[in-house]
Amino acid sequence: MGCKVVADCECGFKTPKIKLGGGMYCHTTVNNFPNYCKNCKSLFMANMYDEIIVCINCKSSDTVPYNNTFAVKNLDETSFNWEDLKLSSENSLCPQCDQFSLKFKNVGMWD
Ligand SMILES: [Zn+2]
Ligand SMILES: [Zn+2]
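Since the model is a prediction, treat every value here as computed from it, not as a measurement. (Residues numbered from 1 in each chain as written. Chains lettered and ligands numbered in written order. Predicted model: local features only at pLDDT ≥ 70, side-chain atom pairs only at ≥ 80, totals over all residues. Heavy atoms only, no water.)

(A) Quick peek at the sheet that holds strand E5 (residues 63–65). Across the sheet, 3 strands lie side by side as E4-E3-E5; this open sheet has antiparallel pairing. At either margin of the open sheet sits one strand with a lone partner, and together these are strand E4 (42–47) and E5. Strand-to-strand twist of the sheet, defined as the mean angle between neighbouring strand axes without regard to direction, takes the value 40°. Where strand E3 (residues 32–37) and E4 come together, 6 bridges link them in antiparallel fashion. Bridging across to E4, Tyr36 finds its partner in Leu43. (Pairing = 2+ DSSP bridges. Helix = DSSP H or I, 4+ residues; strand = E, 2+ residues; numbered from the N terminus. Axes fitted to C-alpha atoms, helices over the stretch in contact; angles between N-to-C directions.)

This is the structure in structure tokens:
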């Protein structure tokens, strides 16, 4: 199931609408998910089926997905939850202000 989310933070950081998953069904081969680049401190989308995830901005492979405890404080409250791919609606790491105050919000389905 594809979902759209946006992420925003009280510091003013905001992403455009992010398409998650791989279209109408879960079990397709493309699986977009937000990742955090430790090298250039940015949020980018990656295909989680790729063996090595590389930052689209700086080409670093020093990246973590947003369900990794480096990039999220906890996953008690989620706005996206599919298998082990989860996004916090409360406390993800903001690439702009370095605080765990980035919130992912589910803004609907897509196909
Ligand atoms: Zn980067
Ligand atoms: Zn912020």
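More follows now that the structure is in view.
(B) Focus on the side chain of Ser92. Along the chain, Ser92 falls in the loop between strand E7 (85–88) and strand E8 (103–110). Residue class for Ser92 comes out buried when judged on its relative accessible area of 0%. Here Ser92 is in contact with Tyr66, Ala71, Val72, Gln99, Phe100, Ser101, Leu102 and Phe104, once residues within four sequence places are set aside. (Buried < 20%, exposed > 50% of the residue type's maximum accessible area, 1.4 Å probe, protein only. Contact = heavy atoms within 4.5 Å.)

(C) Representation of the coordination of the zinc ion (ligand 1) within the structure. Coordination of the zinc ion (ligand 1) by the protein is provided by Cys37 (SG), Cys40 (SG), Cys55 (SG) and Cys58 (SG), with metal-donor distances spanning 2.3 Å. Counting gaps between the donor residues of the zinc ion (ligand 1) yields the pattern C-x2-C-x14-C-x2-C. With Cys40 in the loop between E3 and E4 and Cys55 in the loop between E4 and E5, this residue pair connects regions lying 15 residues apart in the sequence. According to the relative accessible area criterion, Cys40 is partly exposed, its value standing at 33%. (Donors = N, O, S within 2.8 Å, 3.2 Å for Na, K, Ca; no water.)

(D) Broad picture of the nonpolar core. Core analysis: the biggest nonpolar cluster contains 21 residues, and Tyr66, Phe80, Leu87, Leu102 and Phe104 have the highest contact counts within it. Of all the secondary-structure elements, those providing two or more residues to this core are strand E1 (2–8), strand E2 (18–20), E3, strand E6 (78–82) and E7. The biggest single contributor to this core is E1, with 3 residues. If you look at the next biggest cluster of nonpolar residues, it comprises 5 residues, including Cys37, Phe44, Ile53 and Cys55. (Core = buried A, V, L, I, M, F, W, Y, C linked by side-chain atoms within 4.5 Å.)

(E) Just the pattern of salt bridges, in detail. Using the criterion set out here, one finds 3 salt bridges in the structure. A salt bridge links Lys105 to Asp8; the shortest N-O distance between them is 3.2 Å. Of this pair, Lys105 sits in strand E8 while Asp8 is found in strand E1, placing the two residues 97 residues apart along the sequence. Ionic pairing is found between Lys41 and Asp98, a salt bridge with its closest N-O pair at 3.0 Å. One end of the pair, Lys41, is in the loop between E3 and E4; the other, Asp98, is in the loop between E7 and E8, and 57 residues separate them in sequence. With a relative accessible area of 41%, Lys41 lands in the partly exposed category. (Salt bridge = Lys/Arg side-chain N within 4 Å of Asp/Glu carboxyl O.)

(F) Representation of the pairing of E7 within the structure. Examined bridge by bridge, E6 and E7 share 4 bridges and lie antiparallel to one another. Within E7, the residue paired with Phe80 across the bridge is Leu87. Hairpin connection from E6 to E7: 2 residues lie between these consecutive antiparallel strands, with Glu83 at a positive phi of about 50°.

Such coordinate-based values are descriptive only and should not be taken to indicate function.
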